[in-house]
2 protein chains.
Amino acid sequence: MAVITFYESIMIGIFDSGVGGMTVARAIEQMCPGYPLVYFGDIAKTPYGSKSPDTIKNYSINNTEFLLQHGAELIVIACNSAASTARETLNQQYNVPMLDVITPAVNRAAEISKNGRIGVIGTRATIKSGIYEQGISRQRPKSKVLSQACPLLVPLVEEGWLNKQETKMIIRRYLHSMRSKQIDTLVLGCTHYPLLKHLIGPRIGRRVQLIDSSVEVAKAVHSFLDAHPDSAHRLYNPEKKSRFFVSDLTETAQQLAAKIFGRPIPLEKTNA
Amino acid sequence: MAVITFYESIMIGIFDSGVGGMTVARAIEQMCPGYPLVYFGDIAKTPYGSKSPDTIKNYSINNTEFLLQHGAELIVIACNSAASTARETLNQQYNVPMLDVITPAVNRAAEISKNGRIGVIGTRATIKSGIYEQGISRQRPKSKVLSQACPLLVPLVEEGWLNKQETKMIIRRYLHSMRSKQIDTLVLGCTHYPLLKHLIGPRIGRRVQLIDSSVEVAKAVHSFLDAHPDSAHRLYNPEKKSRFFVSDLTETAQQLAAKIFGRPIPLEKTNA
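The rules behind each value
Residues numbered from 1 in each chain as written. Chains lettered and ligands numbered in written order. Predicted model: local features only at pLDDT ≥ 70, side-chain atom pairs only at ≥ 80, totals over all residues. Heavy atoms only, no water. Contact = heavy atoms within 4.5 Å. Buried area = accessible area lost by both parts, 1.4 Å probe. Salt bridge = Lys/Arg side-chain N within 4 Å of Asp/Glu carboxyl O. Polar contact = N/O pair within 3.5 Å; in protein donor to acceptor, adjacent residues only side chain to side chain. Helix = DSSP H or I, 4+ residues; strand = E, 2+ residues; numbered from the N terminus. Nonpolar A, V, L, I, M, F, W, Y, C, P; charged D, E, K, R; others polar. Pairing = 2+ DSSP bridges. Axes fitted to C-alpha atoms, helices over the stretch in contact; angles between N-to-C directions. pLDDT = per-residue confidence, 0-100. Domains from an automatic or database assignment. Buried < 20%, exposed > 50% of the residue type's maximum accessible area, 1.4 Å probe, protein only. Phe/Tyr/Trp six-rings, centres within 6.5 Å; stacked < 30°, edge-to-face > 60°. Lys NZ or Arg CZ within 6 Å of the ring centre and 35° of its normal.

Draft legend 1. Summary view of the interface of chain A and chain B. Listed by partner, the interface residues are 32 residues for chain A and 32 residues for chain B. For the pair chain A and chain B, the summed buried surface comes to about 2500 Å²; carbon and sulfur atoms form 55% of the total. It is Leu152(A), Glu166(A) and Arg173(A) that lose the most area in chain A upon contact with chain B, and together they represent 21% of the buried surface on that side. One salt bridge connects Arg173(A) with Glu166(B), and the closest N-O pair in it is separated by 2.7 Å. Here chain A is connected to chain B by 16 residue pairs in polar contact (both at pLDDT 80 or more). When residues of the side of chain A that touches chain B are traced back to their parent elements, those giving at least two are helix H2 (53-69), helix H5 (124-129), helix H7 (153-158), helix H8 (165-179) and helix H11 (251-261) of chain A. If you tally residues by element for the side of chain A that touches chain B, the top one is H8(A), at six residues. Taken together, the residues that form the side of chain A that touches chain B break down as 13 nonpolar, eight polar and eleven charged.

As C-alpha cells, this is what we get:
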C-alpha cells in the first residue's frame, strides 16, 4: 500500500515598518495561493527609512519574534530599510528560512539590464546602506549603479497623493540627475513605490524597465516553496487564515491596506 | 541679620516627537536665559502626528518619566500632537507643573483676532483632536475656527526643503480653502511650521497674523517663572548645563537642531 503524506501549508510571516509591505503580502497571496500569511506592520514606529541602523535592527528583531510566536515558518523581510540594515543580524540570530525584498530585485536587475547601467531609488536608510550597489556589483561586476534617496515619496503615498501635481514634480526632481545617465533598468527599492509606478515610468523614460521589488520577492517565495516539497504541495487548511497585525491602528492605514488589496483588510492591533 | 535665600535655577524639561520641539527649546532659552533645559526628542518613533491617540499617550508618559528622572521640575509638552491627545492624562498622572504648546497659542489667537475668524494648521492628530477649536471657542465663544491638517509639511521640513517650489505649492494647496474665508489670524499648530513661516505668510495673505506656538509657550514659561518666585530669580549654577537627548541619532536630526539653534547642538542618544 502506497502511503501519501499530506502536510499542512506552512505559514508565511511578513513584516514591514508599516503598510507598504502589504504590496509584498498581496503579491505573495496572488503568486502562492492557499498559503496562510501572518503580517506585522510596525505602524507605531513607522517610518524606518529615516532612522539609524541600530534602531532599525532592534525593531526588526522584535518583529521577527512576533511572527515566529504567531506560527510563521518562513520570514519575508518586506521592508527595504529593514532588509538593508538588519538582514545579516536576523540571519545569524534565527534558524528559520528568511527571504528579503532586496535580493530578488538585485538578481533581476543584474539579469535583465542590457547596458549594465542600473538605477535604484529608495529611502534614505536603504540608499545609504549601499546594499543594492553591492549586490548588483557582485552579480554583475561590470555594471554601473546609480542610486537616489527619495524620502518624500513614502509620506506622499501614505497621504494618498497618488496623482497630484506636486507628487509628479517631486518625482521628476528626484529622477532628474538619473535621466541623463542612460540607465535602462530602475529598481523600485521601497515597497511603497509600486503605487507610484504610473508616475515614475513616464518620468524616467519609456526605455527604462522598472523592477518592482514586491513582485520579485513574491516570485522568490514561490520558487522557495517549489524547491522545498515538504513546505510546498501541502494540504490546504481553511482553518488557518491569513492575519494582519499592526502595532498601531489608524484610518489612513486601513484605507491604504484596502487600496493595495482591492478589498477591505481587517487589521488587528497588537502591543508587540 | 537679614537672611537672603538663594535657590538654584530649576531645570525645565521639554519633550517632543522629534527635533521640531527644538524651536520651543530655542525660544525658551532666549526668553528665560540661565535656566538649564533637559530636552527629549523621540526620534526613534517620530512622527507622532500620524499615529493613534492611545499610542501617543503611551509615548508621552514614557517621555515625561524620562524628563523627571533627569531632574526636570517643570514639564513643557512641546509636541502639538502629544499636547492635543495626552495633556489631560499627563496632568492627572503627574504632580509637577506642566505647560503645553497649545494653550498659550489658543489664548493669543482668541485675544488678538479682530474679526474672530481664526485659522489653525497642524498634523492630522492635532487637527482631528479639535483641541484648538475647543480652546478658542471657550476663550471667545463667538469666534469661528477653520482648521486644516497639513501632514506633508513635517517631512518637507525634515528634508530641509524650506525654499523649494514643491513646498510652496503644497502649502498653497493646504491653505487654498482657508484663503476665501476671511481669517485674520492663523495659528501654526506644529513646532516644525515656524521654519516655513516665510512661505506660509505670503500664501495666506499679508493681513493675516501668524501665531507661532513655540514663541507663545516660551512666553508662558517666562510668566510661570515670574509668578513663582521660588523657581524664578534663582541662583545661576554653571554646573547645571542644558542637555539634549534623543531616542535615535541621525544626521538629519543633528543638522536640523543646528539650523534651529544657529549653533551645533550635541545630541545624546538614550534608549529611553
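Draft legend 2. Layout of the sheet that holds strand S9 (residues 243-246) of chain B. All names here are of chain B. In space, the six strands of this open sheet follow the order S4-S3-S1-S2-S9-S10, with parallel pairing throughout. Across the chains shown, the open sheet's two edge strands, defined by having one partner strand only, are strand S4 (98-100) and strand S10 (267-269). The sheet shows a mean angle of 25° between the axes of neighbouring strands, direction not considered. Pairing geometry for S9 and S10, over three bridges, is parallel. Within the sheet, the bridge partner assigned to Phe-245 lies in S10 and is Glu-268.

Draft legend 3. View of the confidence of the model for chain A. With 93% of its residues at a pLDDT of at least 70, chain A reaches an overall mean of 92. Model confidence for the complex is summarised by a pTM of 0.88, with the ipTM given as 0.84.

Draft legend 4. Seen up close, the domain arrangement of chain A. All names here are of chain A. Taken domain by domain, chain A holds domain 1 (12-100 + 215-269) and domain 2 (103-213). Spacing between the C-alpha centres of domain 1 and domain 2 amounts to 22 Å. Domain 1 puts 25 residues into the contact, and the matching count from domain 2 is 22 residues. Of the roughly 1900 Å² buried between domain 1 and domain 2, counting both surfaces, carbon and sulfur atoms make up 56%. A salt bridge links Arg-108 to Glu-216, with the shortest nitrogen-to-oxygen separation between them at 3.7 Å. Linking domain 1 with domain 2 are 14 residue pairs in polar contact (both at pLDDT 80 or more), by the criterion used here. Contributions of two or more residues to the side of domain 1 that touches domain 2 are made by helix H1 (22-31), helix H3 (80-93), helix H10 (213-227) and H11. In terms of residue class, the side of domain 1 that touches domain 2 is made up of ten nonpolar, eight polar and seven charged.

Draft legend 5. How the structure looks around the pattern of salt bridges. Going through the model one piece at a time under the given rule, you end up with 24 salt bridges over all chains. Across the salt bridge formed by Glu251(A) and Lys128(B), the nearest N and O atoms sit 3.1 Å from each other. Here Lys128(B) lies in helix H5 (residues 124-129) and Glu251(A) lies in helix H11, a pairing that spans two chains. Residue class for Glu251(A) comes out partly exposed when judged on its relative accessible area of 48%. The network of salt bridges with shared partners includes Arg108(A), Glu111(A), Glu216(A) and Lys219(A).

Draft legend 6. Region of the structure containing the packing of aromatic side chains. All names here are of chain A. Inspection of the entire model under this criterion finds twelve aromatic pairs over all chains. Judged by centre distance (4.8 Å) and plane angle (40°), the rings of Phe-40 and Phe-66 are tilted. One end of the pair, Phe-40, is in strand S2 (residues 37-41); the other, Phe-66, is in helix H2, with 26 residues separating them in the sequence. By the burial criterion, Phe-40 is buried, and Phe-66 matches it. On the numbers, 5.1 Å between centres and 75° between planes, the contact of Phe-66 with Phe-245 is edge-to-face. One end of the pair, Phe-66, is in helix H2; the other, Phe-245, is in strand S9 (residues 243-246), with 179 residues separating them in the sequence. As far as burial versus exposure is concerned, Phe-66 and Phe-245 are alike and both buried. Among the aromatic side chains, those forming a connected cluster through ring pairs are Tyr-39, Phe-244 and Phe-261. Directly above the aromatic system of Tyr-59 lies the positively charged group of Lys-45, at a separation of 4.9 Å from the ring centroid.

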